[in-house]
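If you want the building blocks of each chain, they are given just below.
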Amino acid sequence: MSSRASTSFLALAAVAVTVLLAVSTGAVVLYQPIDPITDDVALQPGDNPYAYLDEGGELAIDITEDNPRIEHDGVNVGAFAAQEALFYITYDGNATAEAWIEHKGTGVTFVVDGEPVESPERAARLTPENDAVPVGVRIDTRVAGVVPGDRLIDEISVHARAAEPEEPPYGENPSGDGGEADDPSLTTDPIVSVARASPSVREVTLRSVVGGDETAVDLRGLRVGDPAIRLDRLTFVRESPGDVEFAVRGLSDRPAEAPPPPPGVDPLGYYAVEFAEPGQPVAEATAEIVVDRDRLAAAGVAPERVAAYRETETGWERAEMRVVDEGSETVRLRAATEEFSAFAVAAERPALAPTETNLSDEEVAPGEPLTVAVDIENRGPAPARDETIRVETADAEAVAGDEAVAVDIGPGATATESVTVRFSEPGEYDLVLAGEAVRTRATGDGPILGSVTVTDQAEGSGDDGTEFDAGDRVGNGDDGAPGSADDGGGSSPELSEFDLSDLAGLAALVGIVLATLFLVRRAPR
């Protein structure tokens, strides 16, 4: 696209766009040719069958059964439809510009990067580098009272204007003669330039920032690693007058130099603020973050349990976080810190970990109960409410009992719980604490509770299941033979009580018995 000199302009165009619900089919109709705005700003169709240039070279948008380019009848009543790049706002100028769309209607929203662009405060940024901004549309016919034949929009207005003044506003005497007007500290408003290098990167330049005053930068929905999480605005106080340059980058993964987050901190996305000037010249840093409710639901986290953590020299530090606005589709949060660095936008969860364990026995038989008493600490920043814990083997294969216990433990607190388990198979097993808050959140010390031996059978049982005591001896009935219950003291002497003469006599007796048996076997019948 060629570049023409155009440093100051204010263009305004009102473009009629009809949006109907067709009575015959119940489909949404969005159709009307659209004229270019100015020589520098124009509208072009996106790569979709709904937007195209008509015979007069004007943009037309048609989402109806009358459009031969589509195979369906559009959006029905009681439905939601979205097209992310319905058309483009293109730019052919040198100065930074802004464009936005206004309309009075129901159920239709025009968006850029997933964020509405329907007010000057939410305008899309146009620069020589970012010279084609895709505009999407969201049509929701689920709004109350919408029926086939209703008109959703009478017309829309597409606005474009210069984003920065021709000259710095140095007061009433901008002559540059060395007077007070040349002092940047007297500038009423800084000159802000935000370059959108990508949906996840913003390059910010601020000229003539007033020292000690709060300065706000609209980042227009920078993606924080996920389109559903957006960094909307940064606010800070520069300690002294001057210029500020920094870049903001949204990241899906943790920065390579950053340490792992604390237990119970489950990052949903990251962003980093990098300053061109060494020794960060700002303080009282505040960030406004917008999160889609669908993303919160998918993460299973309530808005008040979303937090921002800032990377410091000693690890991750929690920022002061609060919910400032809740809509039907998004939640806006504000995080305040002393300065900028790398940040994690995270869900806060409980993180349960065992500290001390006591087993009722170290050896049990299959089916025999084993009681495990364990002290459990919540190392996470969120309370554990009705969190289920279990005791399993390390391989999660041999525990026959499935008893589970629900616990309630506040952050930093400890509770003692007892769980009874049984084993179906013999073997040596390591026991672990299991549960959603344990398995996926706890870090540091592993959750190994102890080891247990499961024997083949009950201790001391014979092959037929008969129990014997250590003092039981095998005799041959009531015949008074040695070893019987009637044998004097009722028991045989221990082996340690024999001396050498006893062993010699015993050997002679065994010899006589063997010889007798031999003679008997050899005697003739």
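Owing to the predicted nature of the structure, the values given are computational and were not obtained by experimental measurement.

Parameters at a glance
- Residues numbered from 1 in each chain as written.
- Predicted model: local features only at pLDDT ≥ 70, side-chain atom pairs only at ≥ 80, totals over all residues.
- Heavy atoms only, no water.
- Helix = DSSP H or I, 4+ residues; strand = E, 2+ residues; numbered from the N terminus.
- Buried < 20%, exposed > 50% of the residue type's maximum accessible area, 1.4 Å probe, protein only.
- Contact = heavy atoms within 4.5 Å.
- Areas by Shrake-Rupley, 256 points an atom, 1.4 Å probe, with all protein chains shown as cover.
- Pairing = 2+ DSSP bridges.
- Axes fitted to C-alpha atoms, helices over the stretch in contact; angles between N-to-C directions.
- 1 Å grid on protein atoms, 1.4 Å probe; cavity = no way out; pocket = protein on both sides within 12 Å on 5 of 7 lines; lining within 4 Å.
- Points joined across faces, edges and corners; volume = space filled by probe spheres on them.
- Nonpolar A, V, L, I, M, F, W, Y, C, P; charged D, E, K, R; others polar.
- Domains from an automatic or database assignment.
- pLDDT = per-residue confidence, 0-100.
- Lys, Arg positive; Asp, Glu negative; His and termini not counted.
- Salt bridge = Lys/Arg side-chain N within 4 Å of Asp/Glu carboxyl O.
- Patch = residues over 30% accessible without salt bridge, like charges linked within 9 Å, V, L, I, M, F, W, Y side chains within 5 Å.
- Charge placed at Lys NZ, Arg CZ, Asp CG, Glu CD.

**Details of the overall build of the protein chain**
Next up, step 1: Along the backbone of the protein chain there are three helices and 33 strands.
Next up, step 2: Counting all 525 residues of the protein chain, 41% fall into the buried class.
Next up, step 3: For the protein chain, long-range pairs separated by at least 24 residues make up 69% of all intrachain contacts whose partners lie at least 6 apart in sequence.
Next up, step 4: Counting only carbon and sulfur atoms, one obtains 47% of the accessible surface of the protein chain, whose full area is about 27300 Å².

**Let's talk about the sheet that holds strand 15 (residues 201-209)**
Next up, step 1: Spatially, seven strands are ordered 14-15-18-19-25-21-22 in an open sheet, and the strand pairing comes out antiparallel. Taken across any chain shown, the strands that pair with only one partner, and hence form the sheet edges, are strand 14 (191-198) and strand 22 (315-318). In this sheet, neighbouring strand axes are inclined to one another by 25 degrees on average, regardless of whether the strands run parallel or antiparallel.
Next up, step 2: For strand 21 (residues 306-312) and strand 25 (residues 342-348), the ladder comprises five bridges, and the chain directions are antiparallel. When the bridges of strand 25 are listed, V306 appears paired with A347.

**Some points on the layout of surface pockets**
Next up, step 1: Taken as a whole, the largest pocket spans an internal volume of roughly 670 Å³.
Next up, step 2: Looking at the largest pocket, it is lined by 22 residues, and the ones nearest its centre are P116, R138, D292, E329 and T330.
Next up, step 3: Of all the secondary structure elements, the ones that give two or more residues to the lining of the largest pocket are strand 9 (108-112), strand 10 (115-116), strand 12 (132-140), strand 20 (282-292), helix 1 (293-299) and strand 24 (330-337).
Next up, step 4: In terms of residues, the lining of the largest pocket owes the most to one element, strand 9, which gives three residues.
Next up, step 5: The class makeup of the residues in the lining of the largest pocket is five nonpolar, six polar and eleven charged.
Next up, step 6: A domain split of the lining of the largest pocket shows at least three residues from each of domain 1 (35-162) and domain 2 (191-348).

**Observations regarding the confidence of the model for the protein chain**
Low pLDDT means the predicted atomic positions in that stretch should not be read closely.
Next up, step 1: For the protein chain, the mean per-residue pLDDT works out to 75, and 68% of the residues sit at or above 70.
Next up, step 2: At the level of individual helices and strands, the protein chain shows its lowest average pLDDT in strand 2 (residues 18-21), which scores 37, and its highest in strand 25, which scores 96.
Next up, step 3: Here residues 441-445 scores under 50 on pLDDT; set against residues more than four positions off or in separate chains, the count is 14 contacts.
Next up, step 4: Overall, residues 460-498 carries pLDDT values under 50, and its contacts beyond four positions in sequence, including any with other chains, amount to 19 contacts.

**So, the side chain of E417**
Next up, step 1: Within the secondary structure layout, E417 lies in strand 31 (residues 414-421).
Next up, step 2: The side chain of E417 sits in the buried core without any salt bridge; R390 is the nearest counter-charge, 14 Å away.
Next up, step 3: With residues near it in sequence (within four places) discarded, E417 still touches V372, A373, V374, I376, I389, V405 and V407.

**Remarks on the environment of L86**
Next up, step 1: With respect to the element layout, L86 can be found in strand 7 (residues 80-91).
Next up, step 2: Take L86: its relative accessible area is 0%, and that puts it in the buried class.
Next up, step 3: As for L86 and A51, which are separated by 35 residues in sequence, their C-alpha atoms are 6.4 Å apart.

**A look at the sheet that holds strand 4 (residues 41-45)**
Next up, step 1: Spatially, the five strands line up as an open sheet ordered 4-7-12-9-10, and their pairing is antiparallel. The open sheet is flanked by strand 4 and strand 10, the only strands paired with a single partner.
Next up, step 2: As defined by bridge partners, strand 9 adjoins strand 12 across four bridges and the pair is classed as antiparallel. Looking across to strand 12, one finds that F110 is bridged to V137.

**Structural notes on a negative patch on the surface**
Next up, step 1: Taken together, the side chains of D361, E362, E363, E368, D395, E428 and D430 define an acidic patch exposed on the protein surface.
Next up, step 2: By the secondary structure assignment, D430 is in strand 32 (residues 427-434).

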